[in-house]
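# An overview of the molecular structure
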Amino acid sequence: MAARRCSFLAVLALLFFVSILVFVVAESQETKLTVEQHVTVVEDSQTDTETAEQTIKQAAVEERQWEATEIEEATPGDAPAEQQDSSATETAVPSSLPHPKDDFQEELVIRPLHSGDIYASFQFRTLWETDFMSGNKVSHYGLFPKSLGQVISKFSVRELHISFTQGYWRTMQWGQPFLPSPPGAELWVWFQDSVTDVDETWKELTNVLSGIFCASLNFIDSTNTVQPSASFKPLGTGNVTDHRFLRYATLPREIVCTENLTPWKKLLPCGSKAGLAVLLKSEKLFHSSFHSQAVHIRPVCQDWRCKTTSWELRQTLNVVFDLHTSSQGKREWSLFKMFSRTLTEACPLASSSKIYIDVTDNPEGEQFEVTPATPLLSQAVVLGDRRTFSVYDLTQQITFGTVRSLNLLIRWKSSEGDMLRPLLHAERYVAGYGLQTGEIHTLMYNNHPYRSFPVLLLDSVPWYLRLYIHTLTVTSKGKDNKPSFIHYEPSKDRVRPHLLEMLVQLPPNSVTEVTVQFERALLKWTEYTPDPNHGFYVGSSVISSLVPSVVAMDTNSTQDRPLFSSFFPCKEESSYFVRVYTEPLLVNLPTPDFSMPYNVICLTCTVVAVGYGSLYNLLTRSFQIEEPSPGLAKRIANIIRKMRGVPPL
Amino acid sequence: MSGISKERKRGQLAALSIAAVVIIVGVPLWWKTTETYRAWLPVSQIKELDILQLQLSADVEVVFARGTVTPEQQKKVPLTLTQDDEHIVDENTSLRYKYETKYRTATIMEEDALNQPTAAEADLSLHTLSESPCGSLVVYVIPEMSLLLPKDVDVYVGQRRTALLRIGAQMRVGRTLEQLLAHLEPRLKQVLQVMSFSHTDITAALSDRVRLSPGNKDSIADSMRAFKSSPGYEITFSLLNPDPQSHRLHWDIEGAVETYIQPLLTKLAPLANFSIDSQTLYYTMLGVNPRYDSTYGRYTLNSDSLAHVINPVEARLGSNAASSNPVLNFLLYVPDANHSPLHIHDSHKQEVISNAFHSPRWGGIMVYNVNDFHGPEAVFPVNINIDMTKVMGVFLAQLRLLLGVQSSTPPPGFLMAPCSSVGLADWELDRLMWSRTVENVATATTTITSLAQLLDQIGNIVINDNIAEQVSSAVSSLQLAVAELEAGNLGFALQYSKEAILASERAFFDPSLLHLLYFPDDQKFAIYIPLFLPMCVPILLSLLKIVSEARKKRKEKLAKKD
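The written sequence of each chain sets the order in which its residues are numbered from 1. Each chain is given a letter, starting from A, and each ligand a number, starting from 1, according to the order in which they appear as written. Only residues with pLDDT of 70 or above have their local features reported here, since the model is predicted, and side-chain atom pairs are shown and tallied only from 80 upward, although totals for entire chains, interfaces and linings are computed over all residues. No hydrogens and no water enter the side-chain calculation; it runs on all heavy atoms of the structure.

## Observations concerning the overall build of chain A
Summing up its helical and strand segments, chain A has 12 helices and 28 strands in all. When accessible area is computed with a 1.4 Å probe and restricted to protein chains, residues below 20% of their type maximum are described as buried, those above 50% as exposed, and intermediate ones as partly exposed. Out of the 649 residues belonging to chain A, those deemed buried represent 47%. Note on definitions: a residue-residue contact is assigned when non-hydrogen atoms from the two residues lie within 4.5 Å. Within chain A, residue pairs in contact and separated by at least 24 positions form 75% of the contacts whose partners lie at least 6 positions apart. Where helices and strands are cited, they refer to DSSP runs of H or I of at least four residues and of E of at least two residues respectively, numbered from the N terminus.

Here it is as structure tokens:
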């Protein structure tokens, strides 16, 4: 089956290629001709082109002055002829249009969650057939945003992944997200192997990105950057394994808001003017339980033979609306209710523009009802699970109906049904008391009933938590579970963080606990954050794993599947890649009283002054011998003797 | 009794020695430990730079063709004259122009070249004979009856660094060489003003240093238009398509840049580095609503509303993420189907033919109407190929203006050679280099002197070694640039002036100069007081006591003597 599909594809691609070839040859001949013509035309026009400008007398509101550029034709007789010539060449000839080198797609997936919340995931993908890698300068941009293109070519970036997230994804309630991301900001970049000083490039890159996205990415420095050896493999083409060119950093403290959304929207070709992006209104998006926006840039194959690469820019935005509480317990929602907008058109630049609604749990419409209904259904294997989606194609005029606007509405009928527990999830917390030591606990749950699978755990801990790596224990089901691979880089004070990576096998249906003790360091008083008593954040642990798929799991259940298809677990879908982020930690460090320096100065000065004063007194006072004064008894005796008229003692 | 006085003496000695220790050890120790590090700066040389005496030297060669000088004059002819011209701009700045004029007769090869049928061909073949160095000029004096120039033209300014000068009719007979030279001089001066530097250009270039008296409006507009000198420029072409639903625009920007812009920039390469990029922006609206003109059935933009056009667009243009050089923006705006055709009107309500305007030190905008390419019954979206020849003609003209290539109107009797395919004559480049060099020197001197002044005023800024290094290199480059200008080596002068400006800016904007670690003195002393007060008061008191006792003793001694 696959072979047949391949051959069919090959024929198609071949046809396509041949047509392009013919097309290109024809075109190049034509362009040659026109270029020659152009040159002669411009020489002529420049001979008689003379520019004169007129200052606009009225003072402009701003500082700028505007001048009309006038290009006068000195030889009016020739000019119209020339213009006719040129207009003849430029009349719209649709067949001679250049092949579009870039492509834009947009889609929105809506999944009603079992908790009653709504998960909406936007994806915008721009593909560009160009080559940033081979050193040639790319400078003409179409749909691909110029600012990001310049960043890629200046810093020789191979892959760039950046995400900004507000809120924590609750895996146990919501299931797996399509694109996981940790709270705060996360940035990981693979550089090309032509980069000589990776650290310096990384520093400059973070500064530029912080300008582009209006985020505090400039706080990324060597103290929160690590080079994971196994957890973050390139997602695009090219099999790079040298992790010297990889940098990974998180800023768990970063707060995401409108000022990050606006520049993100600006990168879209249609902006927020048309297409799905009109729904992205910040007043609604940030009134939600979870908000995550990301930009992923990577090289991908141009065709199935993968001879040439093109660049893919994926902008994603995931949001979970807590409609349950905001609509007084009534379970119904619509696009208008969520985003306070409805859709009227697709982005005209998009080659595909679709809305998917996950109706897997609702095959007969007993759970909820979607209006308007669509006949289009599509099936896809998402995160190891076969899901069914209703599809609304926005490029079709019929989707919008007679009212010319699409406002999807879902009305729940019952609130029953339970979610399949996610096979892998993790949590983390700090244990211990006092301000000297503590213990980090990481719990990883394998909910698969009978399969065990390995996971990669990555922990990046700031230097001010001094890990005692000898106290590292991994236990599952009460027994010691020895990791098959441990990569540990100790921290250096004020230079680099701890990096701990290990490969752990999770037994089926178990909880694996990783604990490690740490000591809290004392910071210098300028190193504390402005609100030190709030605590210090430690970024999320990252758990990457190939998880056995749910589809493979239900070999026992023979529900509406033909018997012949269900004996062997089907191989290609047997496992899928999942990345799970734990909660970030908030750790209290011993915090001094910040008026102390002044107090200390004053106190020491006073002590020094007192000591000095007495010493000075001792040294400079002149001493003289004085008659010791008689004692009290003697004095009284003398007074009595005086009264009696006897000479004193 | 003697015991007591001995004891007193010891106390006094102890007080004195403590005071001495405090003064000799304590004060220097405190001074040393609280001192800020300040590297040595060449202050005296910077002070010298504050008074700028620029001398600009240009070599001019005047070549007499056959039939312009008599044989006996020919014998005297190889001679050199120097001409000085001094201007004082303000109390600290003075300018001096020095033209070294060499007179000679034409060689046979040059005669042959001058016998070409047209001036343009003569210009070309003269250029192939000898290449004159950057900043110099060759003026060929040709006889009155020469057919090279049209009747009413006296001077032909060529593509390169040559000019042809026709001798006047009244000088045909009975003339001495002195008379001839005197006759030539005013014309020669005009040629120099056009092809080399002119005083107005140079003073405009000095605007960073010298506050110019408000002259006429035109010259200010001229000087304000061009970008400031910078080591690099980013040129961005943006195609604005506010209505992608109706128009699918295609522009061959790559080919157009290659054909039209790149030759000019290659020529300008000694001046600055240029980088070009382009982008297409959708749904970008202008800031003003064009007015509908029902008589012609089209929309118009008035000149006074042009200032508001850009603001909403500029937010989307984006700055260059990869460099901090100034950006020249060129926007091609294709009005949406509902608002076209769109025309720009100037202040006299006249239509601007090019349908374009430019903003000083920002860039240019051209409105490109596409209605003619599709009828009213067209099916949207329409595919449109933009005619880049028309667009680039306008943008090239704007680019020349914004880069400061002056296309001032020539004096009467002058004929300019038509622009070459490059779009820039050699002498235009020279002119630009002269004014850019002077501008760089002026900017670098002001930067360096103000930095020195600032560091002098704020005493507790740390001056690191690298800043001192940058300052010294800027100063030495400046001195070299001034010297090269004096020697007439324009290319080297520009090079050094660029280095000077880079080094001075780097020193001025170094982040280490901005550290917020400078506490005001009163706060510092507030912190020291708990230590200083209890230490100093006893010392002072005992010193006072010692002094008063010594006085008392002297009085007693005097009294005893009496």
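## Looking at the nonpolar core
Buried Ala, Val, Leu, Ile, Met, Phe, Trp, Tyr and Cys residues that are joined via side-chain atoms within 4.5 Å together make up what is termed a nonpolar core. F237, I261, L268 and I386 of chain B are the most contacted members of the largest nonpolar core, which has 111 residues in total. Core analysis: the second largest hydrophobic core is formed by 92 residues, V195, C347, L349 and I355 of chain A among them.

## Here we look at the sheet that holds strand β26 (residues 542-548) of chain A
All names here are of chain A. One requirement defines pairing of two strands: DSSP has to find at least two bridges between them. Strands sit in the order β22-β23-β19-β26-β27 across an open sheet of five strands; the sheet is antiparallel. Since the sheet does not close on itself, it has two edges, and those belong to β22 (485-489) and β27 (575-581), each with one partner. In this sheet, adjacent strand axes meet at a mean angle of 15 degrees when their direction is disregarded. As paired elements, strand β19 (residues 453-461) and strand β23 (residues 498-506) share nine bridges and run antiparallel to each other. Bridging from a neighbouring strand, L456 pairs with L503 of β23. In this description, a line fitted to the C-alpha atoms serves as the axis of each element, helices being fitted only across the stretch in contact, and the angle between N-to-C directions of two axes falls anywhere from 0 to 180 degrees.

## Examining the sheet that holds strand β5 (residues 155-157) of chain B
The strands that make up a sheet pair up through hydrogen bonds in the backbone, lying either parallel or antiparallel. Residues and elements named next belong to chain B. Strand order in the open sheet formed by seven strands is β2-β3-β1-β4-β6-β5-β17, and the pairing between neighbours is mixed. At either end of the open sheet lies a strand with only one pairing partner, and these are β2 (79-90) and β17 (414-416). Looking at each pair of strands side by side, their axes are set apart by 20 degrees on average, direction ignored. Two elements, strand β1 (residues 52-64) and strand β4 (residues 137-142), share five bridges in a ladder whose sense is parallel. Bridge pairing in β4 links E61 to V138.

## Some details on the side chain of S504 of chain B
Looking at the element boundaries, S504 of chain B is found in helix α14 (residues 490-508). Setting aside anything within four residues of it in sequence, one finds S504 of chain B in contact with A444, T447, I448 and A474 of chain B.

## Let's talk about the pairing of β26 of chain A
Residues and elements named next belong to chain A. The element β26 is largely enclosed, with a buried count of six among its seven residues. With four bridges connecting them, β19 and β26 associate as antiparallel partners. What sits directly across from L456, in β26, is S544. Pairing between β26 and β27: seven bridges, direction antiparallel. Its bridge partner being in β27, V547 is matched across the sheet by Y576.

## Considerations on the pairing of strand β3 (residues 93-105) of chain B
Residues and elements named next belong to chain B. Pairing of β1 with β3, which is carried by 13 bridges, proceeds in the parallel orientation. The partner of L54 across the bridge, within β3, is L95. Here β2 pairs with β3 via 11 bridges, running antiparallel. Directly across from L81, in β3, lies its bridge partner T101.

## Quick word on the packing of aromatic side chains
Aromatic contacts are taken between Phe, Tyr and Trp rings whose centres are within 6.5 Å, Trp giving its six-membered ring; a plane angle under 30 degrees counts as stacked, one over 60 as edge-to-face, and the others as tilted. Summed over the entire model, instances satisfying the criterion amount to 29 aromatic pairs over all chains. For the ring pair W463 of chain A and Y464 of chain A, a centre distance of 5.6 Å and an interplane angle of 70 degrees mean the geometry is edge-to-face. The pair formed by W463 of chain A and Y464 of chain A is uniform in burial state, with each residue classed as buried. Seen from their ring centres, F330 of chain B and F395 of chain B are 5.3 Å apart, and the 45 degrees between their planes marks the pair as tilted.

## Quick word on the confidence of the model for chain B
One rule of thumb: low pLDDT means the predicted coordinates there are not for detailed reading. Looking at any residue, its pLDDT shows the predictor's confidence there, from 0 to 100. Residues at a pLDDT of 70 or more form 87% of chain B, whose mean pLDDT is 79. Overall fold confidence for the complex sits at a pTM of 0.80, while the interface term, ipTM, reaches 0.80.

## Observations concerning a positive patch on the surface
Residue and element names in this part refer to chain B. Each patch is built from residues that are more than 30% exposed by relative accessible area and take part in no salt bridge. Like charges join if they lie within 9 Å; nonpolar side chains (Val, Leu, Ile, Met, Phe, Trp, Tyr) join within 5 Å. Surface accessibility follows the Shrake-Rupley procedure with a 1.4 Å probe radius. Residue values consider only the protein chains on display as shielding. A carboxyl oxygen of Asp or Glu within 4 Å of a side-chain nitrogen of Lys or Arg is what we treat as a salt bridge. In this tally, Lys and Arg are treated as positive and Asp and Glu as negative; His is ignored, and so are the chain termini. Taken as the charge location is NZ of Lys, CZ of Arg, CG of Asp or CD of Glu. Where like charges cluster on the molecular surface, the positive patch consists of K9, K553, K557, K560 and K561. No other element matches the four residues that helix α15 (residues 521-561) contributes to the positive patch. For K557, the position within the fold is in helix α15.

## Things to note about the state of the cysteines
Each disulfide consists of one covalent bond between the sulfur atoms belonging to two cysteines. All names here are of chain A. The term disulfide is used for any two cysteine sulfur atoms that are within 2.5 Å. For the structure on display, the rule yields one disulfide over all chains. Residue C270 pairs covalently with C347 via a disulfide, S to S 1.9 Å. The sign of the S-S torsion, about 65 degrees, decides the handedness of the disulfide formed by C270 and C347: right-handed. Here C270 is found in the loop between α6 (258-266) and α7 (282-285), whereas its partner C347 is found in the loop between α9 (335-339) and β12 (352-358), with 77 residues between them in sequence. The exposure classification of C270 matches that of C347, with both residues buried. We note that C214 lacks a disulfide partner, and the nearest cysteine sulfur, in C257, lies 12 Å from it. A relative accessible area of 43% means that C214 is categorised as partly exposed.

## Here's the deal with the packing of helix α12 (residues 426-457) of chain B against α14 of chain B
Residue and element names in this part refer to chain B. Viewed as axis vectors pointing N to C, α12 and α14 meet at an angle of 30 degrees, and their least axial separation amounts to 8 Å. Viewed along their axes, α12 and α14 adopt a mutual orientation that is roughly parallel. Read as a crossing pair, α12 and α14 show a hand that is left-handed. We call two directions roughly parallel when the angle between them is under 35 degrees, roughly antiparallel when it is over 145, roughly perpendicular when it lies between 65 and 115, and oblique otherwise. Throughout, a crossing is termed right-handed when the near helix is turned clockwise from the far one, and left-handed when it is turned anticlockwise from it by less than a right angle.

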